[in-house]
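# Observations on the model geometry
Next come the chains, spelled out residue by residue.
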Amino acid sequence: HSFLHDALPSFNAAYDLTMLRAEATRWGLRQPDWPRPLVVDPYVIDLCIERGGLGPRRLTDVADYYAVPLDNAHDAAADAWAARNVAVEIGARHPWVGMSNLSELMHSQRGWYADRAEDWNSYARTAGRSLDDPSGWPLSSGLPQQAATA
């Protein structure tokens, strides 16, 4: 699948990349060019085009749904391979995803994430929960905001 050749497969990239940036900052490490990460995020793709609101979204659940082996969950290498293989399986099941160029897929993932964040935020505002940053994919712009309570 051509979209994986130049991209970082990351399951729930908004969390992983935001944490990676925060830790690199905390430890004073040299960082990548954050405004330009090229990411394929099977979490966002699955959530928005395949299963909608059905079932849990942990990597183990999504890998199982796509019949992708994940023998050592939470091991960085095992999780990275599973994320990559889930992305490949999604591309096989949805050829328009698998045949997308990376620019198109990045644009779609940003839109899908923003739509889901707005849906969540509608609920979060009524429940006093943390708000998601609709522009926070693949990298959050900051700390979550707390919804104002009525």
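Residues numbered from 1 in each chain as written. Predicted model: local features only at pLDDT ≥ 70, side-chain atom pairs only at ≥ 80, totals over all residues. Heavy atoms only, no water.

So, on to the overall build of the chain. Across its full length, the chain holds 6 helices and 4 strands. Mapped in sequence order, the helices and strands of the chain form the string β-α-β-α-α-α-α-α-β-β. When each of the 150 residues of the chain is scored for burial, the buried share is 40%. Summing over all exposed atoms, the chain offers an accessible surface of approximately 9,000 Å²; the carbon and sulfur share of this is 55%. (Helix = DSSP H or I, 4+ residues; strand = E, 2+ residues; numbered from the N terminus. Buried < 20%, exposed > 50% of the residue type's maximum accessible area, 1.4 Å probe, protein only. Areas by Shrake-Rupley, 256 points an atom, 1.4 Å probe, with all protein chains shown as cover.)

A few words now on the pattern of salt bridges. Tallied over the entire structure, the rule returns 4 salt bridges. For Arg57, the salt bridge is made with Asp46, and the minimal N-O distance between the two is 3.1 Å. Of this pair, Arg57 sits in the loop between helix H2 (42-50) and helix H3 (59-65) while Asp46 sits in helix H2, placing them 11 residues apart in sequence. Residue Asp61 pairs with Arg58 through a salt bridge whose shortest N-O separation is 3.0 Å. (Salt bridge = Lys/Arg side-chain N within 4 Å of Asp/Glu carboxyl O.)

As a packed pair, H2 and helix H4 (residues 76-93) sit with axes 9 Å apart at the nearest point and diverge in direction by 30 degrees. Accordingly, the angle class assigned to the pair H2 and H4 is roughly parallel. Between H2 and H4 lies a crossing of left-handed hand. Here H2 contributes Pro42, Ile45, Asp46, Ile49 and Glu50 to the contact with H4, which in turn contributes Ala83, Val86, Ala87, Ile90 and Arg93. (Axes fitted to C-alpha atoms, helices over the stretch in contact; angles between N-to-C directions. Parallel < 35°, antiparallel > 145°, perpendicular 65-115°, else oblique. Left-handed = near helix turned anticlockwise from the far one by under 90°. Contact = heavy atoms within 4.5 Å.)

Moving on to the side chain of Ser140. By the element assignment, Ser140 lies in the loop between strand E3 (130-131) and strand E4 (145-146). What Ser140 contacts, discounting residues up to four positions off in sequence, is Ala14, Thr18, Arg21 and Asp133.

Moving on, we come to the packing of H2 against helix H6 (residues 102-127). As a packed pair, H2 and H6 sit with axes 9 Å apart at the nearest point and diverge in direction by 70 degrees. Considering their axes alone, H2 and H6 lie roughly perpendicular with respect to each other. Here H2 contributes Val44, Ile45, Leu47, Cys48 and Ile49 to the contact with H6, which in turn contributes Leu105, Gln109, Trp112, Tyr113 and Arg116.

Below, the discussion takes up H6. Owing to its 3.6 residues per turn, the α-helix aligns residues three or four sequence positions apart on the same side. Its 26 residues place the ends of H6 37 Å apart at the C-alpha level, agreeing with the 38 Å of an ideal helix rising 1.5 Å per residue. Those residues of H6 not exposed but buried are Leu102, Leu105, Met106, Gln109, Trp112, Tyr113, Ala114, Ala117, Asn121 and Ala124. On the buried face of H6, the contacting elements are helix H1 (13-27), strand E2 (39-40), H2, helix H5 (95-98) and E3. Capping the start of H6, Asn101 holds a side-chain oxygen 3.0 Å from the backbone nitrogen of Ser103, two or three residues further along. Of the residues trailing H6, Gly128 is marked for its positive phi of about 70 degrees. (Expected span 1.5 Å × (residues − 1). Polar contact = N/O pair within 3.5 Å; in protein donor to acceptor, adjacent residues only side chain to side chain.)

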